[in-house]
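So you can see what is in the structure, the chains are spelled out below.
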Amino acid sequence: DAKTTQPNSMESNEEEPVHLPCNHSTISGTDYIHWYRQLPSQGPEYVIHGLTSNVNNRMASLAIAEDRKSSTLILHRATLRDAAVYYCIPTNTGNQFYFGTGTSLTVIP
Amino acid sequence: ETGVTQSPTHLIKTRGQQVTLRCSSQSGHNTVSWYQQALGQGPQFIFQYYREEENGRGNFPPRFSGLQFPNYSSELNVNALELDDSALYLCASSLDLTGGHTIYFGEGSWLTVV
């Protein structure tokens, strides 16, 4: 399983974009990069995932570096509901997740 | 709504007792994984079942065991409970083992061991 490095915490003002970085330099060629977020006392919530190309969905965008050793989750306009712990999880076939410590995002009104 | 439901939501057990936690996956999801999340930590992978067979295990002792049933439900059993087993237990399901599928988590079962 690939090791990940994420900032312990980040802050953002409400309605501003947020860029959450993740380093996964030991990623293998077939690992997908998943992002999940977790609110206190809740299960992790799917945000987005990708393999090589940048990905967009209604929640966020995922920018993957060309060498795949890092990725950035982009929340285009942070809201108070986006305050959570964000996990970056490289995953191979089998979909067995090895979570790191994640980034705790605080959104300031 | 993820379509993954877990029960019970909260329970308290005494050290040395046994506990069974249950999970109902989305219909058609042949893969279920269980995770343990201690307070302030990220979830830790316990094991995974695929089509009713164990398909991988994390660093957990044999007193953690599981079952997966044909009706897309599953169980996590923990014997000889220890105080350190107090945690949130999460169930996650996906269609199969192919990489790139979305994995859906339940809301978890909070276990307190006293």
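The structure displayed is predicted, hence computed values, not measured ones.

Criteria and cut-off values
Residues numbered from 1 in each chain as written. Chains lettered and ligands numbered in written order. Predicted model: local features only at pLDDT ≥ 70, side-chain atom pairs only at ≥ 80, totals over all residues. Heavy atoms only, no water. Phe/Tyr/Trp six-rings, centres within 6.5 Å; stacked < 30°, edge-to-face > 60°. Helix = DSSP H or I, 4+ residues; strand = E, 2+ residues; numbered from the N terminus. Buried < 20%, exposed > 50% of the residue type's maximum accessible area, 1.4 Å probe, protein only. Pairing = 2+ DSSP bridges. Core = buried A, V, L, I, M, F, W, Y, C linked by side-chain atoms within 4.5 Å.

Draft legend 1. Molecular detail of the packing of aromatic side chains. Going through the model one piece at a time under the given rule, you end up with 13 aromatic pairs over all chains. Ring geometry for Phe99(A) and Phe105(B): centres 6.1 Å apart, planes at 70°, overall edge-to-face. Taken together, the residues span two chains, with Phe99(A) in the loop between β8 (84–91) and β9 (103–108) and Phe105(B) in strand β10 (residues 104–105). As far as the burial class goes, Phe99(A) and Phe105(B) line up, both buried. Consider the rings of Phe47(B) and Tyr49(B), whose centres lie 5.4 Å apart with planes at 90°: the pair is edge-to-face. By relative accessible area, which is 8% here, Tyr49(B) ends up buried. Joined through ring pairs, the aromatic side chains of Tyr36(A), Tyr46(A), Tyr87(A), Phe97(A), Tyr98(A), Phe99(A), Tyr35(B), Phe45(B) and Phe105(B) make up one cluster.

Draft legend 2. Region of the structure containing the pairing of strand β7 (residues 70–75) of chain A. Residue and element names in this part refer to chain A. Note: strand β2 (residues 18–23) against β7, 6 bridges, orientation antiparallel. The residue of β7 that forms the bridge with Cys22 is Ser71. Both strand β6 (residues 61–64) and β7 contribute to a ladder of 4 bridges, which runs antiparallel. When the bridges of β7 are listed, Leu62 appears paired with Leu73. In this structure, the hairpin formed by β6 and β7 is closed by a connection of 5 residues, where Arg68 is found at a positive phi of approximately 65°.

Draft legend 3. Molecular detail of the nonpolar core. Within the largest apolar cluster, 20 residues are counted, with the highest numbers of intra-cluster contacts made by Trp34(B), Ile46(B), Phe64(B), Leu76(B) and Tyr89(B). Secondary-structure elements contributing two or more residues to this core are β3 (19–24), β4 (31–37), β5 (44–50), β8 (73–78), β9 (87–94) and β11 (109–113) of chain B. Counting residues in each nonpolar core, the second largest holds 19 residues, with Val18(A), Trp35(A), Leu75(A) and Val107(A) among its members.

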